[in-house]
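A look at the structure
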Amino acid sequence: MEYSEFAKKVVLHDTRNRFAKFDGNLDCVPDVLKTFYKENNPLDVEINGVRFLPVEKLDSLQAEYAFLNAQFVFATCNGDPIFLHDGCVYTAPHGVKKPEWELLAKDIETYFESLLLK
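The structure contained in this document is the topic of the report that follows.

How each quantity is defined
Residues numbered from 1 in each chain as written. Predicted model: local features only at pLDDT ≥ 70, side-chain atom pairs only at ≥ 80, totals over all residues. Heavy atoms only, no water. Pairing = 2+ DSSP bridges. Helix = DSSP H or I, 4+ residues; strand = E, 2+ residues; numbered from the N terminus. Axes fitted to C-alpha atoms, helices over the stretch in contact; angles between N-to-C directions. Buried < 20%, exposed > 50% of the residue type's maximum accessible area, 1.4 Å probe, protein only. Arc of directions from axis to C-beta. Phe/Tyr/Trp six-rings, centres within 6.5 Å; stacked < 30°, edge-to-face > 60°. Core = buried A, V, L, I, M, F, W, Y, C linked by side-chain atoms within 4.5 Å. Contact = heavy atoms within 4.5 Å. Salt bridge = Lys/Arg side-chain N within 4 Å of Asp/Glu carboxyl O.

**Remarks on the sheet that holds strand E1 (residues 18–20)**
What the seven strands build is an open sheet, ordered E1-E2-E3-E4-E5-E6-E7; its pairing is antiparallel. Edge strands, defined here as strands with exactly one partner in the open sheet, are E1 and strand E7 (102–105). Geometrically, the sheet is characterised by an average inter-axis angle of 30° between neighbouring strands, direction not taken into account. Sheet topology places strand E3 (residues 50–52) next to strand E4 (residues 72–77); three bridges connect them, and they run antiparallel. Looking at the pairing, Phe52 lines up with Ala75 of E4.

**A word on helix H1 (residues 3–13)**
If you check which residues of H1 are buried, you get Tyr3, Phe6, Ala7 and Val10. Buried residues of H1, seen end-on, are gathered within an arc of 100° and therefore sit on one face of the element. The outward face of H1, more than 90 degrees from its buried face, is lined by the exposed residues Lys8 and Leu12.

**Some thoughts on the packing of aromatic side chains**
Tallied over the entire structure, the rule returns 19 aromatic pairs. With centroids separated by 5.5 Å and ring planes inclined at 80°, the aromatic side chains of Phe52 and Phe112 adopt a geometry described as edge-to-face. Residue Phe52 is located in strand E3, and its partner Phe112 is located in helix H4 (residues 108–117); the two are separated by 60 residues in the primary sequence. Taken individually, Phe52 and Phe112 each receive the classification buried, so the pair is uniform in this respect. In this structure an aromatic cluster arises from ring pairing among Tyr3, Phe6, Phe19, Phe36, Tyr37, Phe52, Phe72, Phe74, Tyr111 and Phe112.

**With respect to the nonpolar core**
Core analysis: the largest hydrophobic core is formed by 37 residues, its most contacted members being Leu33, Phe36, Tyr37, Phe52, Phe74, Tyr111 and Phe112. If near-sequence neighbours (up to four positions away) are discounted, Phe52 is found in contact with Phe6, Phe36, Pro42, Val45, Ile47, Phe74, Ala75, Phe112 and Leu115.

**Focus on unusual backbone geometry**
Across residues other than glycine, the phi torsion is negative in most instances, and most of the peptide bonds are trans. One non-glycine residue, Asn48, lies in positive phi territory at about 50°. Among the secondary structure elements, Asn48 is positioned in the loop between strand E2 (41–47) and E3. Residue Asn48 is classed as partly exposed on the basis of its relative accessible area of 30%. Of note in this structure, Asn78 is not a glycine but carries a positive phi near 55°. Tracing the backbone shows Asn78 in the loop between E4 and strand E5 (80–85).

**Thoughts on the pattern of salt bridges**
One pass over the structure, following the stated rule, counts five salt bridges. Between Arg51 and Glu46 there is a salt bridge; the shortest N-O distance is 3.6 Å. A relative accessible area of 30% means that Arg51 is categorised as partly exposed. Residue class for Glu46 comes out partly exposed when judged on its relative accessible area of 36%. Residues joined by salt bridges that share partners form a network here, namely Asp44, Glu46 and Arg51.

In structure tokens form, the structure reads like this:
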């Protein structure tokens, strides 16, 4: 996926959305999203209720949702985490002891595209 095109469309959707390049360490980010965060770090981005978190806040986001044992939480929607696990995108209800995961997309590209179609 061309993440820069995704970012442009997100900004067109709402001009308050802001992305920026990131030159720091991306070791905590899965390979599939490294290019996204390097070229389009979501400083202040929300689309269709999904709030993306910038690289600088990803460590605290992982800690907050550690109980899920998910591979990588990258966004929230109404307080519920949105995360990658084994290449798929899931969500789960926040505040539930043993939350059931809901599959949102089979891969990150499909998920990002679905946000643009809503």
